[in-house]
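Topology and contacts: notes
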Amino acid sequence: LHSRCELFKYHRKKEHGGGTSLFLQLGGGGSRKSYAKDDLWVLSDNPSFSDAASKGWTRFCASSWHGPNHEGRMQVRWLATPPRWPDEQKSIKVFAIRAAEFKTELTMLEHLSQLQELSSKVPVMESLLKAPAELERRASGATADASHGPDGLGFPFN
């Protein structure tokens, strides 16, 4: 647990591509060698990490760098809807927990997201991404139809 952290946002100038960059300033603890790019971080504005506590927030983000720089600061990106944060406020105090390194999982989710976008342009993609009807029935608790083969997956063995 990093308890004395600060989250900074920087608005890039339009000539530099615009947008906002987010930086997490860690409050001590851990050597640079123990961090990796795409580490999963849990950030909260309250030490209990509960949304209910004082109408606070708790969100996931991932590190964009392989670890903090010499000042203990690293760039992060939100993995879900960011919390409400007034535009005029450049930083907020947060509590942070480094959960794990999720590079493989994040890459897989990015690829699936791209495939979902592609499915409207390439008709066969929808069929490839959709689970067979029998798998959907099995997940909902329905029994397999014997005409769909011994495995119930829709592959008859004649």
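That block above? That's the structure.
All residue numbers refer to positions counted from 1 along the written sequence of the respective chain. In keeping with the model being predicted, local features are shown solely for residues with a pLDDT of at least 70 and side-chain atom pairs are shown and tallied solely at 80 or more, while totals for entire chains, interfaces and linings include all residues. Side-chain figures throughout are based on the complete set of non-hydrogen atoms in the structure, without hydrogens or water.

We now examine the sheet that holds strand E4 (residues 58-63). Taken in spatial order, the six strands close into a barrel running E1-E2-E5-E4-E3-E6, and their pairing is antiparallel. Taken pair by pair, the neighbouring strands of this sheet meet at an average axis angle of 45°, ignoring direction. Relative to strand E5 (residues 73-78), strand E2 (residues 20-25) is paired through four bridges, and the arrangement is antiparallel. Bridging from a neighbouring strand, Phe-23 pairs with Gln-75 of E5. In this analysis, strands are considered paired if DSSP registers two or more bridges between them. Counting from the N terminus, the helices are DSSP H or I runs at least four residues long and the strands are E runs at least two residues long. Each axis is a line fitted through C-alpha atoms, taken for helices only over the stretch in contact, and angles between the N-to-C directions span 0 to 180 degrees.

Here we come to a nonpolar patch on the surface. Together, Met-108, Leu-109 and Leu-112 give the surface a local cluster of nonpolar side chains, amounting to about 300 Å² of exposed area. For Leu-109, the position within the fold is in helix H1 (residues 103-118). Patches here are clusters of residues that have more than 30% relative accessible area and form no salt bridge, with a 9 Å joining cutoff for like charges and a 5 Å cutoff for nonpolar side chains (Val, Leu, Ile, Met, Phe, Trp, Tyr). The method behind every accessible area is Shrake-Rupley, applied with a 1.4 Å probe, and residues are considered shielded solely by the protein chains displayed. A pair is scored as a salt bridge if a Lys or Arg side-chain nitrogen falls within 4 Å of a carboxyl oxygen belonging to Asp or Glu.

What follows covers the side chain of Ser-63. In this fold, Ser-63 is placed in strand E4. Only 3.5 Å separates the side chain of Ser-63 from the backbone oxygen of Trp-65, close enough to count as a polar contact. The residues touching Ser-63, leaving out its near neighbours within four places in the chain, are Ala-36, Lys-37, Asp-38, Asp-39, Trp-41, Met-74, Gln-75, Val-76 and Arg-77. Between N or O atoms, a polar contact is any pair within 3.5 Å; within protein, one atom must be a potential hydrogen donor and the other a potential acceptor, and residues adjacent in sequence are included only when both atoms are from side chains. Between two residues, a contact is recorded if the distance between any of their heavy atoms is within 4.5 Å.

Attention now moves to the pairing of E4. The pairing of strand E3 (residues 39-44) with E4 spans five bridges and is antiparallel. Bridge assignment links Leu-43 to a residue of E4, and that residue is Arg-59. The pairing of E4 with E5 spans three bridges and is antiparallel. When the sheet's bridge partners are listed, Ala-62 is paired in E5 with Arg-77.

In this section: the pattern of salt bridges. With the rule as written, the count across this model stands at three salt bridges. Between Glu-6 and Lys-93 there is a salt bridge; the shortest N-O distance is 3.4 Å. Linking Glu-6 in strand E1 (residues 2-11) with Lys-93 in strand E6 (residues 91-101), this pair joins segments that are 87 residues apart in sequence. A salt bridge links Asp-39 to Arg-98; the shortest N-O distance between them is 2.8 Å. Of this pair, Asp-39 sits in strand E3 while Arg-98 is found in strand E6, placing the two residues 59 residues apart along the sequence. Taking relative accessible area as the criterion, Arg-98 reaches 34% and is therefore assigned partly exposed. Buried, partly exposed and exposed residues are distinguished by accessible area as a fraction of the type maximum, computed with a 1.4 Å probe on protein chains only: under 20%, between the cut-offs, and over 50%, respectively.

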